[in-house]
Amino acid sequence: MDDSEDSDGEGGLGNVSRVVIRPPGHSGKAKRGHLCFDAAFETGNLGRADLVGEFEYDLFLRPDTCNPRYRFWFNFTVDNVKQDQRVIFNVVNINKKRNLFKDGMTPLVKSSGRPKWQRLSKSLVFFYKSPMHQNNYVLSFSFAFDREDEVYQFALAPPYSYSRLQSYLSVLETKFPEHRFQRTTLCHSLQNRKLELLTIDHVEKPDKVDSKNKLRVIFILARTHSGESPTSFVIQGLIEFLIGNHPIAQILRSNFIFKIIPMVNPDGVFLGNNRCNLIGQDMNRTWHVATEYSHPTLWATKKLFKEFDQSDCYQIDFVIDLHAHANLLGSFMYGNTYEDVYRYERHLVFPKILSTNAGDWISENMMFNADDKKTGSVRRFCCEKLSDNVNAYSLEVSMCGFFLKGTQTMTQYTDDGYMRLGRNLARTFLEYYRFINVLPVPLTSEVRSKRGRPKTHCARARSRIRREVQTRPKTTRTYAPISYKDLSVCYDSDTSYEGSPIRNNYHGYGFGTRSTGNIYLNQDQFSLLHIQSSKFNTLDFSNELRPRASTKSPPRIRTAFNKNDDNVTLPPKPYLTIIDFNQLTRGGLEQAAKTKTSSIDLPKVRSSSKNRLPSKL
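As the structure is a computational prediction, the values presented were derived from the model and not from experiment.

A. Region of the structure containing the nonpolar core. Of all hydrophobic cores here, the largest spans 64 residues; its most connected members are I320 and F429. Broken down by element, the residue count for this core peaks at 10 residues, all from helix 8 (residues 415–435). Look past the residues within four positions of F429 in its chain and what remains in contact with it is I218, I220, L252, F258, F318, I320 and F350. If you look at the next biggest cluster of nonpolar residues, it comprises 45 residues, including V125, F127, L139 and C400.

B. Spotlight on the pattern of salt bridges. Applying the stated criterion across every chain yields a total of 15 salt bridges. Between R216 and D317 there is a salt bridge, and its shortest N-O distance comes to 2.9 Å. Within this pair, whereas R216 is found in strand 14 (residues 215–221), its partner D317 is found in strand 16 (residues 314–325), the two being separated by 101 residues in sequence. Under the relative-accessibility criterion, R216 is labelled partly exposed at 22%. By sharing partners, the salt bridges in this structure join R114, D146, R147 and E150 into a single network.

C. A look at the sheet that holds strand 14. Spatially, eight strands are ordered 12-13-15-14-16-19-17-18 in an open sheet, and the strand pairing comes out mixed. On the outer flanks of this sheet lie strand 12 (182–188) and strand 18 (367–369), each paired with one strand and no other. When strand polarity is set aside, the average angle formed by the axes of neighbouring strands in this sheet is 20 degrees. Bridge count between strand 14 and strand 16: seven bridges; the pairing is parallel. By the bridge assignment for strand 16, F219 is matched with V319. Packing of helix 2 (residues 230–242) onto the sheet brings it into contact with strand 13 (194–200), strand 14, strand 15 (257–261), strand 16 and strand 19 (391–398), and relative to strand 16 it is tilted by some 140 degrees.

D. Structural view of helix 1 (residues 162–175). Here helix 1 contains 14 residues, and its C-alpha end-to-end distance of 20 Å stays within 8% of the 20 Å for a straight helix at 1.5 Å per residue. For helix 1, the set of buried residues is Y162, L165, Q166, Y168, L169 and L172. Considered in projection along helix 1, the buried side chains sweep an arc of 165 degrees and stay on one side of the axis. Opposite the buried face of helix 1, at more than 90 degrees from it, the exposed residues are T174 and K175. Tucked into the core, helix 1 has its buried residues touching strand 12, strand 13, helix 2 and helix 4 (266–271).

E. Summary view of helix 6 (residues 341–357). In this model, helix 6 (17 residues) spans 26 Å end to end at C-alpha, consistent with the 24 Å of a helix rising 1.5 Å per residue. The buried fraction of helix 6 amounts to 14 of the 17 residues, a majority that puts the element mostly inside the structure. Its side-chain oxygen placed 3.2 Å from the backbone nitrogen of Y342, D340 serves as the N-cap of helix 6.

Thresholds applied
Residue numbering note: each chain is counted from 1, following its sequence as written. It should be noted that, the model being predicted, local features are given only for residues of pLDDT at least 70 and side-chain atom pairs only at 80 or more, the latter also being counted only at that level, while totals for whole chains, interfaces and linings use all residues. Excluded from the side-chain calculation are hydrogens and water; included are all heavy atoms of the structure. Throughout, nonpolar core names a set of buried Ala, Val, Leu, Ile, Met, Phe, Trp, Tyr and Cys residues whose side chains join them through atoms within 4.5 Å. Burial here depends on accessible area, computed with a 1.4 Å probe over protein chains only, as a share of the maximum for the residue type. Under 20% is buried, over 50% is exposed, and the range in between is partly exposed. Only DSSP runs of H or I with at least four residues qualify as helices, and only runs of E with at least two residues qualify as strands; both kinds are numbered from the N terminus onward. Here, residues are in contact when the closest pair of their heavy atoms is within 4.5 Å. Take a side-chain nitrogen of Lys or Arg and a carboxyl oxygen of Asp or Glu: if they are within 4 Å of each other, that pair is a salt bridge. Each pair of strands is called paired provided DSSP finds at least two bridges between the two strands. Where helices are involved, their axes are fitted lines through C-alpha atoms of the stretch in contact, as for all axes, and angles between N-to-C directions lie from 0 to 180°. Given a helix with a known number of residues, its expected span is that number minus one, times 1.5 Å. In this context, the arc is that of the directions from the helix axis out to the C-beta atoms. Definition of a polar contact: a pair of N or O atoms within 3.5 Å, with one able to donate and the other able to accept a hydrogen when the atoms are protein atoms, and with sequence-neighbouring residues admitted only if both atoms are side-chain atoms.

Pasting the structure below:
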């Protein structure tokens, strides 16, 4: 038996290189059916293959270069097969015990005659703890080769190589004019590969620098971890949408500057690593210690961040790092927590809007933290080192699939499914900037006027009695009061007690209508229709601090709202207020941050320790 451990493969990296597995006792030229394994190509990963039975093979993954800890990504080819030959492949050294193989994820396969990636059937894939392999977890899958003259390729996820990115960008340069986007080389990696930077910018530059109206910049990164190839498809969908002819793309290009780095770790992608770069370091844990010599791509990206952040005419609004998740389904976001409650509220708005646009969004998987473990990640580095107006997120998408909303049916991701998430990301930018009143909101009449009937439409016979329809006057939405809900959360911040706006919408209390000598508030009829609060936050937005029908009425305080009425009912001052996104209106978030507490000294309410949530979310 000819093992593959004698093959160094890709320049000594340990990948198998055209290794033919012969049965015991066979010598001479290999016959049809003696499988030939190969991973000595770009993004390939397979370190060894052993024949352990008549038709069973043990496969060993090659760990990341200079780091034996990470072994999960695989990508290899098999040829010299016999027609209708059935085999069992056992991947015996996977390091991730928690993954989606238990939840329906299966390896991908394609052949030279069928280049479209397809997932193996669930009934043919098993992930279990094997006593034959020192109780390690083993991924086993069976396969039947149906054509002799084809080369079969197996992979964890659809590969997206460094060469493919270079070819794709070259095609964009020939297809689209120069004014659509600019392609530059930010720096070179340790193995002298390009760190590509795409700039999509049609913003008119002012003649004079105005600190109040800075140019807004959006940074988007991908492939920080080399084995997370789905993020390359997400970034490709975003690029194609932004440089296209869609009206939303034209608005975004005319108002914002997009800086896109599609492959932060080009060396790791080329070598077929799972997570690390050439020197075996996790690229998403070393942002705070990156140097020009050990991490040139991170060093150049950090330098770019600081140049724009310290500029007098630019303002960074977003830094979004794309990742593919091997343990969870759907798409979701990881964010940061802040001591300033208003900054934390602003930080929650963008994921909320994105959740309404993405059909594969799973709110239960979202997480906002500030733990020391993630200090070296992109979002934590930007949170600590850049200005307060920067919102840094990690956008995660599953390597497997997602459940259709309202059902238990799981849909597997395809290349187009990943690209759709990139397009939804672009649409979310438009809605976000309209929400904070940076972009104007079109009138309803203007939107309806653009929707004409198709030419094939046949009008129905009209009645002889015609009624005159008066045209509705063009009006815009006005600012509406912001509604709040109570939370017994104790943040260690001065803003928890000072600067909180007084709630002006309660059930049964307020201002606006008079009844039995007291003043009551009607329910706010304005709300952002595109934002629904369901399935967004798992926190307990309890209403226990609100007055109930069975409790005593709040104290009556003399105010200047009505001189004739000595007793006016006012609600108690909350311990802390959090914006209710279901009642939030356009422009209301900025208005809430500027609102000061009223001079009326309301009585304080002490919340019980049972209902108090932990200070660290």
